[in-house]
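Topology and contacts: notes
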Amino acid sequence: MDTTKKVWLVTGASKGLGLSLVKKLLAQNYRVVATSRNIQSLIAEVGEVSDVFLPLEVSLTDNENVKEGIAKSIAHFGRLDVIVNNAGFGQIGTLEELTDEEARNSFDVNVFGSLNVIRNAMPYLRKNRSGHIFNIASVGGFSGAFPGWGIYCATKFAVVGFTESLAEEVKGLGVHATVVYPGYFRTDFLAKGSVKTPQHTIEEYEAARQSQQAHLSDINGNQPNDPEKAAEVLIAISKEEKPPVHLFLGSDAYDIVYKKVDFISSEVEQWKSYTLSTAL
């Protein structure tokens with residue numbers, strides 16, 4: 001075992017980008033902790049516990065369970081260096097359609113799950129005065145202009161917000177934080193059983209229904225970006241001495257950035273007289 005290689009912890013690692021990243025890391029002789037809600041799926045995809053791989057069944061919404069998982073990781077490898085908060089899911093539905101339970105469940109997994117990992121991993125990173133935390137958001141965490149995806153986008157906006165603050169909080173401790181905004185990647189994110197649809201729909205929301213149909217039928221399987229290449233980028237960024245706080249992935253994400261920047265700039269100028277009229 002090459003002990004000079006960093007130890008990575010990747011959540012949501014049994015499929016999609018997380019699985020691609022874990023396999024690529026192991027192929028490059030890194031040591032990896034991978035978490036999933038179902039440890040058997042990890043073992044089937046990657047393998048049993050070894051001196052380079054530790055699969056863990058962790059419920060990210062349970063802080064004590066996360067704390068135990070971090071402790072097991074440290075006990076197995078002696079350290080943690082890179083944390084990738086990748087676990088999450090998509091919830092389709094307009095703000096009126098989704099129940100309180102559906103909305104809160106999205107935040108529990110997509111937001112509070114990552115916060116649980118950060119809270120329990122930081123004591124080790126802080127002690128070593130080194131480390132890198134990647135929080136996987138979405139381009140929907142930069143632009144919320146997707147009808148029927150409001151709650152999902154809201155969770156990803158939250159990830160962006162707390163990562164920006166985290167980056168400021170930990171930079172004096174030798175730790176880096178990066179928020180990642182993937183565009184559409186060819187994973188099973190939009191597959192049946194991965195993305196959730198609303199328990200109750202309101203047909204008057206035509207744009208949301210059209211968006212739902214397009215994502216589940218047309219976009220799924222035809223996404224323009226490759227998760228294998230995204231995994232390579234994350235590994236490359238982890239080696240940077242001064243990594244970015246914001247990392248956009250995918251040609252579509254790049255286009256969406258400038259579309260929103262132009263839109264915001266135009267609105268600011270259009271309504272500038274009102275903005276400046278409030279100054280003393």
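Quick note: structure is the one above.
Our subject in this report is the structure included herewith. (Residues numbered from 1 in each chain as written. Predicted model: local features only at pLDDT ≥ 70, side-chain atom pairs only at ≥ 80, totals over all residues. Heavy atoms only, no water.)

Description of the pairing of strand β7 (residues 246-249)
Residues Leu 247 and Leu 249 point to one face of β7 and are all buried, whereas His 246 and Phe 248, pointing to the other face, are not buried. Both strand β6 (residues 175-182) and β7 contribute to a ladder of 4 bridges, which runs parallel. Residue pairing across strands places Val 180 opposite Leu 247, the latter belonging to β7. (Buried < 20%, exposed > 50% of the residue type's maximum accessible area, 1.4 Å probe, protein only. Helix = DSSP H or I, 4+ residues; strand = E, 2+ residues; numbered from the N terminus. Pairing = 2+ DSSP bridges.)

Re the packing of aromatic side chains
For the coordinates displayed, the defined rule picks out 8 aromatic pairs. Summarising the aromatic geometry, the rings of Trp 8 and Phe 134 are spaced 6.3 Å apart at their centres and angled 10° between planes, so their arrangement reads as stacked. A residue pair is termed long-range when its members are at least 10 positions apart, and Trp 8 in strand β1 (residues 7-10) and Phe 134 in strand β5 (residues 131-136) qualify at 126 residues. Under the relative-accessibility criterion, Trp 8 is labelled buried at 0%. Of the residues examined, Phe 134 reaches a relative accessible area of 0% and is grouped as buried. Counting every residue linked through ring pairs, the aromatic cluster contains Trp 8, Tyr 30 and Phe 134. In this structure, Lys 5 packs its charged tip against the face of Tyr 30, placed 4.7 Å from the ring centre. (Phe/Tyr/Trp six-rings, centres within 6.5 Å; stacked < 30°, edge-to-face > 60°. Lys NZ or Arg CZ within 6 Å of the ring centre and 35° of its normal.)

Quick look at helix α1 (residues 16-27)
An α-helical segment advances 3.6 residues per turn. Residues three or four places apart therefore align on the same side. For α1, which comprises 12 residues, the first-to-last C-alpha distance of 17 Å matches the rise-based estimate of 16 Å (1.5 Å per residue) to within 8%. Buried residues belonging to α1 abut β1, β2 (31-36), α2 (39-45), β3 (53-57), β4 (82-85) and α7 (227-238). Just downstream of α1 lies Asn 29, where phi reads positive at about 70°. (Expected span 1.5 Å × (residues − 1). Contact = heavy atoms within 4.5 Å.)

Some details on the nonpolar core
Within the largest apolar cluster, 32 residues are counted, with the highest numbers of intra-cluster contacts made by Val 33, Leu 80, Ile 83, Met 122 and Ile 133. Secondary-structure elements contributing two or more residues to this core are β1, β3, α3 (63-77), α4 (100-128), α5 (150-170) and β6. Those residues within four positions of Ile 133 in sequence are excluded, and the remaining contacts are Ile 83, Asn 85, Ile 118, Met 122, Leu 125, Leu 166, His 176, Ala 177 and Thr 178. Within the second largest apolar cluster, 24 residues are counted, among which are Trp 8, Ala 34, Ile 235 and Ile 237. (Core = buried A, V, L, I, M, F, W, Y, C linked by side-chain atoms within 4.5 Å.)

Geometry only, nothing functional implied.
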